[in-house]
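Remarks on the overall topology
Residue-level listing of the chains:
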Amino acid sequence: PPPSAPKTEGNLFLEFLRGDFYITSQALLVRKECIEALNGFDENLRLLNDADFCIRFAKKYQLLYNPHTRVTVDVTADSQSQNFPKRLESREYLLKKYEEDLRRHPVILAKHAYDIGNSHALRGNIARALPYLRMAHEAVPANRKYTLAVLLARMGIAWFYRAAAFFARIKK
């Protein structure tokens, strides 16, 4: 793999924490003792249980990730994974759950916090967005995108925030 590609074996905790991988539970092959040692899946999560399990597993165990497709999963329009509000709620839960680990990796923390804050802001919920945008900015204060997002959210101008996000997507 190219040098910028994520690792695929060994200690993959940071790769999972960063979100470089996403392995559905249908594609996991894990010893029963490992599942029991980790107390299985977190039943407090409505979605992203498999992402949480992978992070916890990678924190404790070495791992070999096979990037070749072995399992295909059909996602239908009414699938839970397509439920954006529940997905956002689960992402918030995971950020809080792993906040201590993420604080040791401010760039990763900022990315997740910004993504959550940005999602709330784009949906017009500036009050929910602001704490996450602030968290991203505080983690990496030199990042202009995070600074601008906090300023726009503090001004409470939801339409302007959406316009700025729209123009940022066009620029890419």
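A brief report on the enclosed structure follows. (Residues numbered from 1 in each chain as written. Predicted model: local features only at pLDDT ≥ 70, side-chain atom pairs only at ≥ 80, totals over all residues. Heavy atoms only, no water.)

**Observations concerning the pattern of salt bridges**
For the record, the criterion: We count a salt bridge whenever a side-chain nitrogen from Lys or Arg sits within 4 Å of a carboxyl oxygen from Asp or Glu. Numbering of helices and strands runs from the N terminus; a helix is a DSSP stretch of H or I covering at least four residues, while a strand is a stretch of E covering at least two. Exposed residues in this analysis have more than 50% of their type's maximum accessible area, buried residues have under 20%, and partly exposed residues fall in between, with area computed by a 1.4 Å probe over protein chains only.
Under the definition given, this model contains twelve salt bridges. Of the charged contacts in the structure, one is a salt bridge between Arg-18 and Glu-15, with a shortest N-O distance of 3.5 Å. Of the two residues, Arg-18 and Glu-15 are both situated in helix 1 (residues 13-18); the distance of three residues between them amounts to about one turn of the helix. Here Arg-18 falls in the partly exposed class, since its relative accessible area comes to 29%. Using a relative accessible area of 7% as the deciding quantity, one classes Glu-15 as buried. Note that Arg-56 is salt-bridged to Asp-52, the shortest N-O span being 3.1 Å. With Arg-56 and Asp-52 both in helix 3 (residues 49-60) and four residues apart, the pair spans about one turn of that helix. Overlapping salt bridges, with partners in common, bring together Asp-42, Asp-52, Arg-56 and Lys-97 in one network.

**Some thoughts on the environment of Ile-35**
Defined as follows: Contacts are assigned to residue pairs that have any heavy atoms within 4.5 Å of one another.
Counting through the fold element by element, Ile-35 comes out in helix 2 (residues 32-37). Taking the C-alpha atoms as reference, Ile-35 lies 8.8 Å from Phe-53; in sequence the two are 18 residues apart. If we ignore the near neighbours within four places in the chain, the residues touching Ile-35 are Val-30, Gly-40 and Phe-53.

**Remarks on the packing of helix 7 (residues 126-139) against helix 8 (residues 144-155)**
Let me state the cut-off plainly: For helices, the fitted axis covers only the stretch in contact; all axes are lines through C-alpha atoms, and the angles between them, taken along N-to-C directions, range from 0 to 180 degrees. An angle below 35 degrees is read as roughly parallel, one above 145 as roughly antiparallel, one from 65 to 115 as roughly perpendicular, and any other as oblique. In a left-handed crossing the near helix is turned counterclockwise from the far helix by less than a right angle, and in a right-handed crossing that turn is clockwise.
Contact geometry for helix 7 and helix 8: axes closest at 9 Å, N-to-C directions at 150°. Looking at the two axes, helix 7 sits roughly antiparallel to helix 8. Between helix 7 and helix 8 lies a crossing of left-handed hand. Contacts from Ile-126, Leu-130, Leu-133, Arg-134, Ala-136 and His-137 of helix 7 reach helix 8 at Tyr-146, Thr-147, Ala-149, Val-150, Ala-153 and Arg-154.

**Observations concerning the nonpolar core**
Under the convention used in this document: Only buried residues count toward a nonpolar core. Its members are Ala, Val, Leu, Ile, Met, Phe, Trp, Tyr and Cys residues joined through side-chain atoms within 4.5 Å.
Formed by 42 residues in total, the largest nonpolar core has its most connected members in Phe-16, Leu-95, Leu-102 and Leu-133. For this core, the secondary structure elements donating two or more residues are helix 1, helix 3, helix 4 (84-97), helix 6 (106-122), helix 7 and helix 8.

**A look at the packing of helix 6 against helix 8**
Just so we agree on the cut-off: Any residue that is not Ala, Val, Leu, Ile, Met, Phe, Trp, Tyr, Cys, Pro, Asp, Glu, Lys or Arg is counted as polar, Gly included; the first ten are nonpolar and the last four charged.
One way to put it is that helix 6 packs onto helix 8 with a least axis distance of 11 Å and a crossing angle of 35°. Where helix 6 crosses over helix 8, the handedness of that crossing is left-handed. Across from Ala-110, Lys-111 and Tyr-114 in helix 6, the residues of helix 8 making contact are Lys-145, Tyr-146 and Ala-149. Here the contact of helix 6 with helix 8 is composed, by residue class, of four nonpolar, no polar and two charged.

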